[in-house]
Each structure stands twice: as structure tokens, then as C-alpha cells.
Protein chains: 2
Amino acid sequence: MALNQSDSGSPEGSPAASSSIGKPLMLNASIRRAMTDSAQAHPLSVSTGDYIKAIWTIAGDGAALTKEVSGHLAVAPASVTNMLGRLQTMGFVEYERYHGASLTERGHEEALRLVRRHRLIETFLLEHLGYTWEEVHDEAEKLEHAVSDVFTERLSEFLGHPGHDPHGDPIPTREGILQPDDSKPLGEAEAGQKVRISKVSDESIPMLDYLGERGLVPGRVLTVREIRDIDGVVVVEDADGGIHHLGGPLVKSVFAQRIG
Amino acid sequence: MALNQSDSGSPEGSPAASSSIGKPLMLNASIRRAMTDSAQAHPLSVSTGDYIKAIWTIAGDGAALTKEVSGHLAVAPASVTNMLGRLQTMGFVEYERYHGASLTERGHEEALRLVRRHRLIETFLLEHLGYTWEEVHDEAEKLEHAVSDVFTERLSEFLGHPGHDPHGDPIPTREGILQPDDSKPLGEAEAGQKVRISKVSDESIPMLDYLGERGLVPGRVLTVREIRDIDGVVVVEDADGGIHHLGGPLVKSVFAQRIG
DNA sequence: TGCAAACTTTAGCCAAAGCTAAAATATTTC
DNA sequence: GAAATATTTTAGCTTTGGCTAAAGTTTGCA
Ligand SMILES: [Mn+2]
Ligand SMILES: [Mn+2]
Ligand SMILES: [Mn+2]
Ligand SMILES: [Mn+2]
């Protein structure tokens, strides 16, 4: 059986480079690593990337504290201290003992590159592979570290260069520019306003499902009918005249921009 | 800037599981790993997978020798010895010192799972993302370790459940069945025979390009006009009457089946 | 048959990332 | 302003998966 076996497992095209000499093979390994690092610009391990993204998510331009990162990545504080030191050595963060780490320019670029990948991949999974919200994030969390720049740009093209992912988060450009977002949670709107949903928080899957079923997705235009102070419920009317009563947690998760 | 940050970097949906206790966090980490390993059945590291695939590629059902694996993966022989021992402990190979390693049933399954992924991914990259032959293999070599079973099956569906990748290698089924292939290199054909190209070796990119440009791809029907013993050149005529003179290396790379 | 060459294993290292426990430093709280 | 509490760091270990050099086996060839 198994007569048919190509697809050589060797990392490059080099099939069994040396036959018996021994030395050249070792050199190849380190030279290859060095070239990959500088030229292909993809040296980051999964961990490194996740730490950088975590700092960006937690602190943006500011400093992320050890414990925040520790909580975010479900990793022991001591591990974080260790990694922050290493990230500084690598030039991705500025780190001050006991006062957290903030991203350098390079760290910031790297974070945005990962976010770009993550959001493009999520878009692809949802729109073309029939993924559910449940499945999407975990897959993207792994693939973002495995795909190349070439893949990323080809995928963006395949998707029609979307500016936002399916739940409305902006996708950073190849150049690392992230659309600023001035939208506010529905809960902060005022009765009578006409608004357009810009984003739905992807933190809760059930909410995404609930809102998706009702058509309360980015792009939808709503009229705010009532903001009830007693219980925080917001009543909105959609373009088809449908009325929706949204409780506190929901109106914190739906972001909208005023229009008209 | 960077106002907009969702896409929590935390591996699962658990956003900052613990606030200050400390202990539960550690437990979470190991429990998660254990569950992932057994339930999701995706525990293999990149290295582990590449070794298993290498053994399959080199030896199929037989035993792969240390040096063969070492050459294939561009890794020192001592590293191979070490990993083969570990693979045996993990149950993927049967290993005898000085006599190489052969895949167990489980190892075989794992190899085919990776090959399935690899070939489906290559198909997608070529047919939908506009990759060239040059780019395709390296990307697949990395992604095969990152995609989930769900991704693999959704992708297969997206592609229309192809049985072969673009250069003709059969794609193992989800159940781990690999189409046996009884085709032979064009060089072993006989003058006058009518044959159908079944596969083109993907070991040489220039050859793939050359053959691709001339339409000598899997599925094409040819009539063998001449087998010249002196220089090993094979002359074939394609369905449009085009004549092709293929030298030794090429006729070893093009596989065909007799028809008619 | 008997050695030299080829191959493989052993032994001893290394770096990346993680962990725990204990020590050090900040921050609260009274 | 000092004690209690929370956070962070240090120190010391672990697992993967590499590498080199040296020692041990197998094989091929005279
Ligand atoms: Mn391939
Ligand atoms: Mn990730
Ligand atoms: Mn996400
Ligand atoms: Mn691989």
C-alpha cells in the first residue's frame, strides 16, 4: 500500500542536501534560520506573537502590567516577567520592572500585522468555509501565526480587501493603519437618534448568535425609540419596522454611529 | 490611537479567568492541555508531525533509517535518534536501534492525516489564492500543522472534495484511505501506446512550470510516438496534435496510465 | 576473514517557554 | 505612617527539540 509518496517533508526544496559529510548540514540549518528571520520577516514564535498581541489588546499605546498579561494569556506571572524581559531584548517592548511593558514602534507593527491576519482569517472562515462564531476565533488564533505575508495579502485579495471583519472590527491595512473607530455602545445613544450599527463585540458567542438571528449586524440602520433608565433596556426599531428590546449586557456589546 | 481592540488573545473564550487567586490559573493550564490532547486529537507538535510524515515518505510501510530521516529533515543524526525514541514512546513508531523506525497503525493514520491536509491546502492555494508552484509547498508545510480537523473538512467541501491535488497526487480520504496508484513514469511506456497523465512529480519547480505551460498536466491524454533508447528522449503527441520531445529527467517525472 | 568506512548511538550542551516557591516591592487600609 | 495585602521578581526546575564530539555497530570490500 501507500505507493504514492511525494510531498517531501523537507522544509525547503533541498532534498537530502548532504549524503555523508556532516558539516555542511549543520551550517545549512543556522544559515537558513538567519535568512528566514531577516528576509522573510516571520521569525516570531506563537508565544511571542501572542504576548505582543496581548499587550496591544490590554494597553494599546500604554503599559500592560504583568498581572494583566498573566490573566489574559492564562500563564503564571513569573512566566510573564521572563517573557517581557525577552521581548525587550528583541526590541518589541520597553519594559520597566514593576511598571509593565509598552510596545515599541516595532512591537506595534507586529501586533497590527497579527490582528490583520486574525481578522482576515476570521472573515474567510465565516464567509467561505461555513464556520460558526463558536469555531472561528480559536482557529484564527492558531492560523495567524502560521500564515505568511504572501498568504495574508492573497487572502485579502480573495476576500475583496474587506475593511472590517464580519462583526465590524476594522482590519488594519497592510501598512499597519487601523481605522479609528468613533462609535459608541447603543446604551449611550439617545432616544430619537438614527444610528448605524458599526460593530458587535465578539466576546460572547451567544450574543453574537442572538443578534445575528435578528439581523442586528454591522451596517444595519436603527432608530432609537426609548432609553429606559430604570433597567437600562434600549428599544430600537429596525429598517423593516421590527422592534427590539435590548437589555443592559446587549446594549453594551452593540456599537453604533449616529447618522442623518 | 488604536481605540479598537477586541479579539482577545486568550487561547479559549475564558477572558482572564482568575483575578487574584493564583492556584486555579495553573490548574487551568494543564487541564486545558490534557483535554485538548485527548478530545481534539491534535496534540502533535510541528516536529513530531514532520518526522512522522518523513518516515512515511521515505519508507511507507517499511523502516526508515536514521540517516535517511536526518537527510530528509535536514537535522543532525543524533537528533533523529532522540526523536525516534520519543516517537516510539508516543506510540507512533516501532523502533529498533541501528535498524530504523517503521510506523505503527497510529503513526500511519497520523501521516495520512497530514498528507490529506497538505494536499488540500496546496489545492486551495493554487486554485483559489493564485499561488505559484514555488510558493505553494512551503506554505502548506506550515499550515498542515496549524489547521484543525474542522478546517480540513470544511476546506475539502469548499474545494468540492477533490480526489487529487493539482499535480495529480491522490488526497487521502478523511478515513485515511489513499487511492492506490498504478501509474508508471512516461519513460517506461512503449511506442504506440495511448496514455493519460496521472501525476507530475512536484520535486522540481522548473519542471512543473515547463510542463504546465505546455499543458502536460494530469488528465491530459497522449500518444507515445517514440521511445529513443540512445538518449532516453520520449516523443509524445497530445490530443491537439502537438508534439513534445521530453528528455530523461522529464520522463521520469511524468507519470501516466495506459488507456484504450 | 578482517578492517576501514559508514552509520548510529551516547553523552553532554543549549535555548525557548513554562511552572512553583520564596523573596522583594508596591499599594491599601486602618 | 505602619501593617496587611497584592503584585512582581528571583531562583531553581522541567520539557522539547535542537547540536557537537566521541564512542559503538554494522557493512562492504580486499
Ligand atoms: Mn507539497
Ligand atoms: Mn494566537
Ligand atoms: Mn477573534
Ligand atoms: Mn510540515
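As the structure is a prediction and not an experimental result, all values here were calculated from the model.

K.L.:
Would you mind going over the sheet that holds strand S3 (residues 184-185) of chain A in detail, with residue names and values included?
P.N.:
All names here are of chain A. Strand order in this open sheet of six strands is S3-S8-S4-S5-S6-S7, and the pairing throughout is antiparallel. Edge positions in the open sheet fall to S3 and strand S7 (243-246), since each of these has one partner strand only. In this sheet, strand S6 (residues 234-238) lies alongside strand S5 (residues 221-227) in antiparallel orientation, the contact comprising five bridges. Bridge assignment links Val224 to a residue of S6, and that residue is Val236.

K.L.:
Describe in detail the domain arrangement of chain A, supporting the description with residues and values.
P.N.:
Residues and elements named next belong to chain A. Entries for chain A in the domain assignment read domain 1 (46-103), domain 2 (106-180) and domain 3 (184-258). Each of domain 2 and domain 3 has a C-alpha centre, and the two are 25 Å apart. With six residues of domain 2 at the contact, the number on the domain 3 side is eight residues. Carbon and sulfur atoms make up 56% of the area that domain 2 and domain 3 hide from each other, which totals about 640 Å². Of all residues in domain 2, Trp133, Glu134 and His167 give up the largest surface area on contact with domain 3, accounting jointly for 69% of the area buried on that side. For the pair domain 2 and domain 3, the interface holds one salt bridge.

K.L.:
How would you explain the nonpolar core if you had to name every residue and give the values?
P.N.:
Core analysis: the biggest nonpolar cluster contains 68 residues, and Leu125, Phe151 and Leu186 of chain A together with Phe124, Leu125, Phe151 and Leu186 of chain B have the highest contact counts within it. In contact with Phe124 of chain B, not counting residues within four places along its chain, are Phe124 and Phe151 of chain A together with Leu129, Leu155, Phe158 and Leu159 of chain B. Counting residues in hydrophobic clusters, the runner-up holds 23 residues, among them Val80, Tyr95, Ala111 and Leu112 of chain B.

K.L.:
Talk me through the protein's contact with DNA strand D; I want residue IDs and the actual numbers.
P.N.:
Around DNA strand D sit 23 residues in total, of which Tyr95 of chain A together with Ser45, Ser47, Ser79 and Arg86 of chain B are the nearest. Near-protein atoms of DNA strand D (within 4 Å) split between backbone and bases, with sugar and phosphate holding 80%. In the model, a phosphate oxygen of DNA strand D is placed 2.4 Å from a nitrogen or oxygen of the Ser45 of chain B side chain. For the surface near DNA strand D, the elements supplying multiple residues, two or more each, are helix H1 (23-40), helix H3 (66-73) and helix H4 (77-90) of chain A together with helix H2 (46-59) and helix H4 (77-90) of chain B. The element that contributes the greatest number of residues to the surface near DNA strand D is H4 of chain B, accounting for four residues. Residues of the surface near DNA strand D, tallied by class, amount to twelve nonpolar, seven polar and four charged.

K.L.:
Which residues make up the protein's contact with DNA strand C, and what values do they have?
P.N.:
Taken together, 23 residues surround DNA strand C, and among them Ser45, Ser47 and Arg86 of chain A together with Lys67 and Tyr95 of chain B come closest. With respect to DNA strand C, the side chain of Ser45 of chain A contributes an N or O atom lying 2.4 Å from a phosphate oxygen. Arg86 of chain A has a polar side-chain atom sitting 2.5 Å from a phosphate oxygen of DNA strand C. Those elements that place two or more of their residues in the surface near DNA strand C are helix H2 (46-59) and H4 of chain A together with helix H1 (23-40), helix H3 (66-73) and H4 of chain B. For the surface near DNA strand C, the element with the most residues is H4 of chain A, which contributes four residues. Looking at the surface near DNA strand C residue by residue, the classes come out as twelve nonpolar, seven polar and four charged.

K.L.:
Describe the sheet that holds strand S3 (residues 184-185) of chain B, naming the residues involved and giving the relevant values.
P.N.:
Pairing is antiparallel across the open sheet formed by six strands, whose spatial order is S3-S8-S4-S5-S6-S7 (chain B). Whereas interior strands pair on both sides, the edge strands pair on one side only; in this sheet they are S3 and strand S7 (243-246) of chain B.

K.L.:
Explain unusual backbone geometry to me, and be specific about the residues and the numbers.
P.N.:
At Tyr98 of chain A, a residue that is not glycine, the phi angle is positive and equals roughly 70 degrees. Here Tyr98 of chain A lies in the loop between strand S1 (93-95) and strand S2 (101-103). In this structure Tyr98 of chain A comes out as exposed when scored by relative accessible area, which is 80%. You will see that Ala74 of chain B, though not glycine, has its phi angle at about 55 degrees, which is positive. Of note, Ala74 of chain B is situated in the loop between H3 and H4.

K.L.:
Quick rundown of the pattern of salt bridges? Include the residues and the values.
P.N.:
Applying the stated criterion across every chain, the model contains 31 salt bridges over all chains. Taking the shortest distance from any N to any O, the salt bridge between Arg154 of chain B and Glu135 of chain A comes out at 3.1 Å. Taken together, the positions of Arg154 of chain B in helix H7 (residues 149-158) and Glu135 of chain A in helix H6 (residues 133-143) put the pair across two chains. Note on Arg154 of chain B: relative accessible area 24%, which makes it partly exposed. Between Glu237 of chain A and Arg225 of chain A there is a salt bridge, and its shortest N-O distance comes to 2.7 Å. Of this pair, Glu237 of chain A sits in strand S6 while Arg225 of chain A sits in strand S5; the two residues are twelve residues apart in sequence, bridging distant segments of the chain. Salt bridges sharing partners connect three or more residues here, namely Glu110, Arg113, Arg117 and Asp149 of chain A.

Rules of the game
All chains use their own residue numbering, which begins from 1 and follows the written sequence. To read the labels, note that chains go from A and ligands from 1, taken in the order they are written. Whole-chain, interface and lining totals are the exception, using all residues; otherwise, since this is a predicted model, local features are given only for residues with pLDDT of at least 70 and side-chain atom pairs are given and counted only at 80 or more. In computing side-chain properties, one takes all heavy atoms of the structure into account and sets aside hydrogens as well as water. Between any two strands, at least two bridges found by DSSP are needed for them to pair. Helix and strand assignments follow DSSP, with helices taken as H or I runs no shorter than four residues and strands as E runs no shorter than two, numbered in order from the N terminus. Throughout, the edges of the domains are those of an automatic or database domain assignment. Residue contacts follow a heavy-atom distance rule, with two residues in contact if any of their heavy atoms lie within 4.5 Å. By buried area we mean how much accessible surface two parts lose on assembly, using a 1.4 Å probe and totalling the loss over both. Salt bridge, as used here, is a side-chain nitrogen of Lys or Arg placed within 4 Å of a carboxyl oxygen of Asp or Glu. We define a nonpolar core as any set of buried Ala, Val, Leu, Ile, Met, Phe, Trp, Tyr and Cys residues linked to one another through side-chain atoms lying within 4.5 Å. For every residue, the accessible area obtained with a 1.4 Å probe (protein chains only) is divided by the maximum for its type, and the residue is called buried under 20%, exposed over 50%, and partly exposed between those limits. Note on terminology: near, applied to a residue and a molecule or strand, indicates that one of the residue's heavy atoms is within 4 Å of it. As used in this structure description, the phrase polar contact means that two N or O atoms lie within 3.5 Å; if the pair is within protein, one of them must be able to donate a hydrogen and the other to accept it, and residues adjacent in sequence are counted only when both atoms belong to side chains. Under the grouping applied here, Gly and all other residues not named as nonpolar or charged are polar, the nonpolar ones being Ala, Val, Leu, Ile, Met, Phe, Trp, Tyr, Cys and Pro and the charged ones Asp, Glu, Lys and Arg.

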